[in-house]
Amino acid sequence: MTLEEYISTHSTPENDILASITRETHLHVLNPHMLSGHVQGRVLSMISHMLRPKHILELGTFTGYSALCLAEGLEEGGKLVTIEHNDELEEMIRRNLARSPLGDKIELIIGDAVERVKELTNERVKEFELVFIDADKREYCAYLEALYPFVPIGGFILADNTLWDGHIVDPAYDKDKQTLGLRAFNDHVAADERFEQVILPLRDGLTIIRKVK
């Protein structure tokens, strides 16, 4: 048994709906490794349960797995908004969300993350206590700045893939735009006094950021 398998077997199992989404994603979607998966999904759920947010924002829905995990910890009457750029995934996402009793708490928006966040916050939601960023790695800095006004002091931002399979410290990827985007993001957050942060070596790297100013 590998260490990864040990961790998985000693973590709360994913429910049947999430397990089914995992199977279907691997069968029908390119790059299924982009799925959050069992252990990271349980971490997202645990963080959400600890915070009990009223509003959650997710950038990068993929097939809906992480949205359902995050929605598990919503405060009663709370809502999660998730934005996905790839409209080819829309039908599958909506089908997956509809299978869960949490689906009614989730609003899917298809479009550009930065632009739709501006529209959304101007129209309805004034702040998000919890944000999960898992979209275009080249745009992480832009996402952070777009989101900043709408995260309250003490609110949390989770950024996925911040170790990028080790590429973040590998000179062989010095010209890779996604790696460069993540390096810029990590450096920006580390130097920004508005935030406190820690990078967890979970899966592909997960940074937990708390807004303090």
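For the structure, see preceding data.
Source: prediction; values computed, not measured.

**Considering the pattern of salt bridges**
Tallying each qualifying case throughout the model produces 13 salt bridges. Of the charged contacts in the structure, one is a salt bridge between Lys 79 and Glu 107, with a shortest N-O distance of 2.7 Å. With Lys 79 in strand S2 (residues 79–84) and Glu 107 in strand S3 (residues 106–110), this pair connects stretches of sequence that are 28 residues apart. A relative accessible area of 19% places Glu 107 in the buried class. Each of Glu 145, Asp 192 and Arg 194 takes part in salt bridges that share partners, so that together they form one network.

**Observations concerning the packing of helix H2 (residues 16–28) against helix H5 (residues 90–98)**
Two elements in contact, H2 and H5, have axes separated by 11 Å at closest approach and are oriented at 165 degrees. Viewed along their axes, H2 and H5 adopt a mutual orientation that is roughly antiparallel. By crossing handedness, the relation of H2 to H5 is classed as right-handed. Here Ile 21, Glu 24 and Thr 25 of H2 lie close against H5, whose contacting residues are Met 92, Arg 95 and Asn 96. Across the contact of H2 with H5, the residue classes tally to two nonpolar, two polar and two charged.

**Overview of a nonpolar patch on the surface**
On the surface, Met 1, Leu 3, Tyr 6 and Ile 7 cluster together into a nonpolar patch covering about 490 Å² of accessible area. Tracing the chain through its elements places Leu 3 in helix H1 (residues 3–9).

**Quick notes on H5**
Among all positions in H5, only Met 92, Ile 93, Asn 96 and Leu 97 are buried. Down the axis of H5, the smallest arc covering the buried residues is 130 degrees, so these residues share one side. Opposite the packed face of H5, turned more than 90 degrees from it, sit the exposed residues Glu 91 and Ala 98. Lining the buried residues of H5 we find H2, helix H4 (65–71), S2 and S3.

**As for the packing of aromatic side chains**
Throughout the structure, instances matching the rule amount to three aromatic pairs. Considering the side-chain rings of Tyr 140 and Tyr 143, the 6.1 Å spacing of their centres and the 45 degrees angle between planes classify their relative orientation as tilted. With Tyr 140 and Tyr 143 both in helix H7 (residues 140–147) and three residues apart, the pair spans about one turn of that helix. According to the relative accessible area criterion, Tyr 140 is buried, its value standing at 0%. The class for Tyr 143 is buried, based on a relative accessible area of 7%.

**A few points about the side chain of Thr 63**
Within the secondary structure, Thr 63 sits in the loop between strand S1 (55–59) and H4. With residues up to four places along the chain from it excluded, the contact list for Thr 63 reads Ile 21, Thr 25, Val 29, Leu 35, Leu 89, Met 92, Ile 93 and Asn 96.

**As for the pairing of S2**
Buried residues dominate S2, accounting for five of its six residues. Note: S1 against S2, five bridges, orientation parallel. Bridging from a neighbouring strand, Glu 58 pairs with Thr 82 of S2. Between S2 and its parallel partner S3, the chain crosses via H5, and the hand of that crossover is right-handed.

Cut-offs applied
- Residues numbered from 1 in each chain as written.
- Predicted model: local features only at pLDDT ≥ 70, side-chain atom pairs only at ≥ 80, totals over all residues.
- Heavy atoms only, no water.
- Salt bridge = Lys/Arg side-chain N within 4 Å of Asp/Glu carboxyl O.
- Helix = DSSP H or I, 4+ residues; strand = E, 2+ residues; numbered from the N terminus.
- Buried < 20%, exposed > 50% of the residue type's maximum accessible area, 1.4 Å probe, protein only.
- Axes fitted to C-alpha atoms, helices over the stretch in contact; angles between N-to-C directions.
- Parallel < 35°, antiparallel > 145°, perpendicular 65-115°, else oblique.
- Left-handed = near helix turned anticlockwise from the far one by under 90°.
- Contact = heavy atoms within 4.5 Å.
- Nonpolar A, V, L, I, M, F, W, Y, C, P; charged D, E, K, R; others polar.
- Patch = residues over 30% accessible without salt bridge, like charges linked within 9 Å, V, L, I, M, F, W, Y side chains within 5 Å.
- Areas by Shrake-Rupley, 256 points an atom, 1.4 Å probe, with all protein chains shown as cover.
- Arc of directions from axis to C-beta.
- Phe/Tyr/Trp six-rings, centres within 6.5 Å; stacked < 30°, edge-to-face > 60°.
- Pairing = 2+ DSSP bridges.
- Right-handed = clockwise from strand over helix to strand, strands pointing away.

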